[in-house]
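# A look at the structure
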Amino acid sequence: MEVHGDPLDTFREEARELLSELEQALIQLEEDPTDVEQVHRAFRSLHTIKGSGNMFELENLVSLTHAVESAFASLRDGKISLDQRLIDLGLKARDLIEAFLQEGDDSTLLVSQAEEVKAAVCEIVPIQPASSSGSASGPSSPAADADRGGAATTYRILFEPALDSFKTGANPLLLLKELGELGELITIGSPQAVPTLDQIDPEGCYIRFDILLTTDRGLEAVRDVFIFVEDEAKISIDVIDDTSLTDADLNYKRLGDILVERGDISGAELDAAVSRREFLGEALVRSGYVTREQVDSALAEQEYVRGLRRQRQTGEASSSIKVKTDKLDSLVNLVGEFVSMHASLTTLAETRHDEDMRVLAEQMENLVREMRDLSIDMHMVPIEVLFMGFRRLVRDLSGDLGKSVRLTMSGTETELDKNVIDALKDPLLHIIRNAVDHGIEPADRREAAGKPREGTVHLHAFYAGAGVVIEVQDDGQGMNVERIREKAVSRNLLDPAETYSEEEILDCIFLPGFSTTDTATSVSGRGVGMDVVRRNIEQLGGSVRIETSPGSGSTIRIRIPLTLAIVEGLLATIGGDYFMVNLAYIVECLELAAVNRKSDNRLIDYRGHLVPVVDLREYFGYGDTGATNPQIIIVALDGDRIGLVVDQLQDNYQSVIKSLGKVYERAEGISGAVILGDGTPALFLDVDKLVRVSRAEVQR
Amino acid sequence: MLQSTLEATDGTATLELAGDLSFETACEVRDALSALVGADSDAFVLDLSRVESFDLLGVQLLFSALHSARSAGKNLSVAMGPLEPRMEKMFTFAGLPRDVFFQGG
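Residues numbered from 1 in each chain as written. Chains lettered and ligands numbered in written order. Predicted model: local features only at pLDDT ≥ 70, side-chain atom pairs only at ≥ 80, totals over all residues. Heavy atoms only, no water.

## Topic: the overall build of chain B
A count of helical and extended segments in chain B gives 3 helices and 4 strands. Its helices and strands taken in sequence order, chain B reads β-β-α-β-α-β-α from the N to the C terminus. Relative to its full complement of 105 residues, chain B shows a buried share of 47%. The long-range fraction of contacts in chain B, counting pairs at least 24 apart against all pairs at least 6 apart in sequence, stands at 68%. About 4900 Å² of surface is accessible on chain B, with carbon and sulfur atoms providing 48% of the total. (Helix = DSSP H or I, 4+ residues; strand = E, 2+ residues; numbered from the N terminus. Buried < 20%, exposed > 50% of the residue type's maximum accessible area, 1.4 Å probe, protein only. Contact = heavy atoms within 4.5 Å. Areas by Shrake-Rupley, 256 points an atom, 1.4 Å probe, with all protein chains shown as cover.)

## Some thoughts on the overall build of chain A
Of the regular secondary structure elements, chain A holds 22 helices and 22 strands. Residues classed as buried in chain A amount to 45% of the 700 residues present. Summarising the internal contacts of chain A: among those between residues at least 6 apart in sequence, 69% fall at separations of at least 24. When the accessible surface of chain A is summed, it comes to about 34200 Å², and 50% of that surface belongs to carbon and sulfur atoms.

## What about the interface of chain A and chain B?
Of the residues lining the interface, 24 residues belong to chain A; the matching set on chain B comes to 23 residues. Taken over both partners, the interface formed by chain A and chain B buries close to 2000 Å², and the fraction arising from carbon and sulfur atoms is 72%. At the boundary of chain A with chain B, the tally comes to 0 salt bridges. The interface formed by chain A and chain B holds 9 residue pairs in polar contact (both at pLDDT 80 or more) in total. Those elements giving two or more residues to the side of chain A that touches chain B turn out to be helix H6 (172–180) and strand S2 (184–190) of chain A. (Buried area = accessible area lost by both parts, 1.4 Å probe. Salt bridge = Lys/Arg side-chain N within 4 Å of Asp/Glu carboxyl O. Polar contact = N/O pair within 3.5 Å; in protein donor to acceptor, adjacent residues only side chain to side chain.)

## So, the environment of Thr291 of chain A
Residues and elements named next belong to chain A. Note on placement: Thr291 falls in the loop between helix H10 (280–286) and helix H11 (292–318). Counting along the chain gives 99 residues from Thr291 to Gln192, while the straight-line C-alpha distance between them is 7.9 Å. Residues contacting Thr291, with those up to four places away along its chain left out, are Gln192 and Val285.

## Remarks on the layout of surface pockets
Remark: the empty space left among the atoms is shown by a probe the size of a water molecule rolled over them. Residue and element names in this part refer to chain A. Its volume calculated, the largest pocket comes out at about 1800 Å³. Lining the largest pocket are 43 residues; nearest its centre among them are Glu13, Arg16, Glu17, Ser20 and Lys418. The leading source of residues in the lining of the largest pocket is helix H1 (residues 7–31), at 10 residues. Of the residues in the lining of the largest pocket, the class split is 15 nonpolar, 8 polar and 20 charged. (1 Å grid on protein atoms, 1.4 Å probe; cavity = no way out; pocket = protein on both sides within 12 Å on 5 of 7 lines; lining within 4 Å. Points joined across faces, edges and corners; volume = space filled by probe spheres on them. Nonpolar A, V, L, I, M, F, W, Y, C, P; charged D, E, K, R; others polar.)

## So, a negative patch on the surface
All names here are of chain A. Among the surface-exposed residues, Asp164, Glu230, Asp231 and Glu232 lie close enough to one another that they form a single negatively charged patch. Checked against the element boundaries, Glu232 lands in the loop between helix H7 (218–225) and strand S4 (234–242). Take Glu232: its relative accessible area is 52%, and that puts it in the exposed class. (Patch = residues over 30% accessible without salt bridge, like charges linked within 9 Å, V, L, I, M, F, W, Y side chains within 5 Å. Lys, Arg positive; Asp, Glu negative; His and termini not counted. Charge placed at Lys NZ, Arg CZ, Asp CG, Glu CD.)

## Points about unusual backbone geometry
Despite not being glycine, Asn492 of chain A shows a phi value in the positive range, around 60°. By the element assignment, Asn492 of chain A lies in the loop between helix H17 (481–490) and helix H18 (502–507). In this structure Asn492 of chain A comes out as exposed when scored by relative accessible area, which is 70%. The backbone of Asp10 of chain B shows a phi angle near 50°, a positive value even though the residue is not glycine. Positionally, Asp10 of chain B belongs in the loop between strand S1 (2–9) and strand S2 (12–21).

## Focus on the packing of helix H3 (residues 59–76) of chain A against helix H4 (residues 84–103) of chain A
All names here are of chain A. Remark: H3 packs on H4, axes separated minimally by 10 Å, with the N-to-C direction vectors making an angle of 155°. Considered as vectors, H3 and H4 are oriented roughly antiparallel to each other. Crossing angle aside, the handedness with which H3 passes H4 is left-handed. Each of Asn60, Leu61, Leu64, Thr65, Val68, Ala71, Phe72 and Leu75 in H3 lies in contact with H4, whose residues at this interface are Leu86, Gly90, Ala93, Leu96, Ile97, Phe100 and Leu101. The residue makeup of the contact of H3 with H4, split by class, is 12 nonpolar, 3 polar and no charged. (Axes fitted to C-alpha atoms, helices over the stretch in contact; angles between N-to-C directions. Parallel < 35°, antiparallel > 145°, perpendicular 65-115°, else oblique. Left-handed = near helix turned anticlockwise from the far one by under 90°.)

## Some points on the packing of aromatic side chains
Residue and element names in this part refer to chain A. One pass over the structure, following the stated rule, counts 6 aromatic pairs over all chains. Between Phe579 and Phe620, the ring centres sit 5.2 Å apart and the planes meet at 20°, which makes this aromatic pair stacked. Here the residue Phe579 occupies a position in strand S13 (residues 577–582), and Phe620 occupies one in the loop between helix H20 (616–619) and strand S18 (631–637), the gap between them amounting to 41 residues. In this structure Phe620 comes out as partly exposed when scored by relative accessible area, which is 23%. On the numbers, 6.3 Å between centres and 80° between planes, the contact of Phe579 with Tyr622 is edge-to-face. Of the two residues, Phe579 is situated in strand S13 and Tyr622 in the loop between H20 and S18; the sequence distance between them amounts to 43 residues. By relative accessible area, Phe579 is classed as buried at 1%. (Phe/Tyr/Trp six-rings, centres within 6.5 Å; stacked < 30°, edge-to-face > 60°.)

## Observations regarding the pattern of salt bridges
Note on pairing: side chains with opposite charge can pair once their charged atoms come close. Residue and element names in this part refer to chain A. Under the criterion given, the structure shown has 52 salt bridges over all chains. Between Arg12 and Asp9 there is a salt bridge, with its nearest N and O atoms 2.7 Å apart. One end of the pair, Arg12, and the other, Asp9, are both in helix H1, 3 residues apart, so they sit about a helical turn from each other. What makes Arg12 partly exposed here is its relative accessible area of 25%. Between Arg156 and Glu301 there is a salt bridge, and its shortest N-O distance comes to 2.7 Å. One end of the pair, Arg156, is in strand S1 (residues 153–160); the other, Glu301, is in helix H11, and 145 residues separate them in sequence. Using a relative accessible area of 1% as the deciding quantity, one classes Arg156 as buried. Connected through shared salt-bridge partners, Glu23, Glu30, Asp88, Arg94, Asp95, Glu98, Arg392, Arg395 and Asp396 make up one network.

## Topic: a nonpolar patch on the surface
All names here are of chain A. Nonpolar side chains collect at one region of the surface, where Leu331, Leu374 and Met378 lie side by side and expose about 270 Å² of accessible area between them. As for its placement among the helices and strands, Met378 is situated in helix H13 (residues 355–378). You can call Met378 partly exposed: its relative accessible area is 42%.

## Brief notes about the confidence of the model for chain B
All names here are of chain B. Looking at chain B as a whole, the pLDDT averages 86, with 96% of positions reaching at least 70. Looking over chain B, one finds the lowest element-wise mean pLDDT in helix H3 (residues 85–94), namely 79, and the highest in helix H1 (residues 26–37), namely 94. Reported confidences for the modelled complex are a pTM of 0.54 and an ipTM of 0.94. (pLDDT = per-residue confidence, 0-100.)

## A closer look at the sheet that holds S2 of chain A
Residues and elements named next belong to chain A. Spatially, the 4 strands line up as an open sheet ordered S2-S3-S1-S4, and their pairing is antiparallel. The open sheet has two free edges, formed respectively by S2 and S4, since each of these has just one partner strand. Taking the axes of each pair of neighbouring strands and ignoring which way they run, one obtains an average angle of 15° across the sheet. Of the strand pairs in this sheet, S2 and strand S3 (residues 208–215) are connected by 7 bridges, and their pairing is antiparallel. When the bridges of S3 are listed, Gly189 appears paired with Phe209. With respect to the sheet, H6 is in contact with S1, S2 and S3, its orientation differing from that of S3 by roughly 15°. (Pairing = 2+ DSSP bridges.)

## Examining H1 of chain B
All names here are of chain B. With 12 residues, H1 extends 16 Å from end C-alpha to end C-alpha; this agrees with the ideal 16 Å at 1.5 Å per step. Burial in H1 covers these residues: Ala26, Val29, Ala32, Leu33, Leu36 and Val37. When H1 is viewed along its axis, its buried side chains cluster within an angular range of 130° and face the same direction. Against the buried residues of H1 lie S1, S2, strand S3 (43–54), helix H2 (56–71) and strand S4 (75–79). (Expected span 1.5 Å × (residues − 1). Arc of directions from axis to C-beta.)

## Topic: the environment of Arg358 of chain A
Within the secondary structure, Arg358 of chain A is located in helix H13. Taking the C-alpha atoms as reference points, Arg358 of chain A and Thr346 of chain A, 12 residues apart in sequence, are found 6.2 Å from one another.

So, in structure tokens, the structure goes:
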């Protein structure tokens, strides 16, 4: 049974999306105050939140939103000019609206904070009280309603101007022009009632208009156009089509029904004309029930509405739909289970030597692969959604720290699994916060060092193999590697007698409680964060590294798999246990006996290059497994190649990676597990960790 | 400002209008058109080739003339070069049938 969600939850979800839009518009506007489109964007977001908030009677939320919306309406209409206070108040209001959504509309604390924001907005622009409909007064005048993103409705408007229209200055053409500004307009003027020259008042108005208007601005906005002529003119406004009507109505009404509905003919006249067995329009004209113009007008309406519906049907068929992410998660998980089940079927077919079953399993394989790719693709979102959220962080941090920092970004179209993106938010937040706080110097120091006063934090994303690399680069002072080494030694994290590579020293930053900053700021510097950053990223099957250049800045490089859902790997055995290596990292597999080993078997000559080797039998403590023909898997990561020695190679295998849980989350060289078709577990190798281990070994 | 010239030859009365057909000239236009359809002729020709502009009232008077001619059982035709874009726009905007006057125009 389909269970529909709470409409209030839907509103909250949509309101959060709109708040995100609002935030982006405000920050963009702050960067470029001439960007008028951002004023419209901010207004639209506020207006829609207010309108929906009204439906749920969220008075305090609506009142605050209305206040800020009014200010942006005034800005849009050129009544006030852009002011930094307005941007700040807009952002404050955005946070408060989000808090209202989270904590409820009657939170006393929030209401008092909202009052403060409203009072501050009032100092910039006087505010009209919000109407209960959310669309009438103040900024919701017909002009303001232009920004309403409601559903399109088609109205049939019969407009018969008053005889003295021209004499009173109410030129009907001006009203038609105003209607045209509301949406798509079809006008059919009827001169039928224009009298002969001996009867006519040459300054009178005798032409009537049948109008079809499609607009998303609501009935009130349509009525408002006629507000000054409604007492004298004859006006009727009827809804003849809206987007809630389904495909079943595609054909719209028949000609006779339209004419009856318009009041052009009676039901009896229609029946009489139908009984004449002629074309209805002809019959009606011939009978004198209607004029040719009336029939043409009704036919135009019929054709117009049918066209609209056809267009809508085509549009609906080709446009996207919103699906809740938890449903999508369920789908991906189900596909993942299906992939595992297919693997079990293949194993079973082979175990039973059942040829029919094997053929069937093979035929299923392509289907399963396509389904897997499609479900993963549906889960992908551009990393822009993540990056954009940090603009506010950098803006606020710069203000708090009295620094001038600009956030730039590239590769924002790079797509990642939505779940990966969600999980990356906190780690990136820590990294960016550190970059602004510790990396970027105060403007005076930067200037003295010959740098621009404004510092830059650049976010860059790009595809790399089966993963994505995200870099956070700052052009700040860089890290003092020697100081980090000293601190690590003083905390017994490094041996003072040992020689360490820069990478190993910088790696200390990711250890719990490590900080080189003597005074903790409110922003960062308590050593809490970077260890969490690494842990979170490793839990995603990713890795994080630091590069730094004193005086020029630092780069934190995160490598993350494209998806957490389903991974294709190569199965290998060591001592009878199964291990899996991500296929994306594998370059080649060779027999160990066939390669030229050097330096106490720690290096091999691989195609003319010395490549370090990690003997996994030794690394995982198996000792001598008695394998008769051990294999070596060459893997590559960030330009580094290493060889991994295993007993035997098995098949490729697709599966869902399961977490090892809290107890084993720090198990080195292993990042997860998969359950094979026959229920046997296989450990998923952490290639990044193994590459780092081997690199450190070689450097020593 | 309106100028009108009415001529009748071979059973056809021709009214040439020049200037604007607008609210300001509506009464003059009505009178000139009345003279045309009141002429003792079998057919009427309305020459608008020297008309500079018309508004909705001007167009309305053309319809009035057309209705008058038809009610007298006579034919009214309009002579004019191609419609100026702004005049054409006015017909389109008001949704009025222009073909009754300006066939192919």
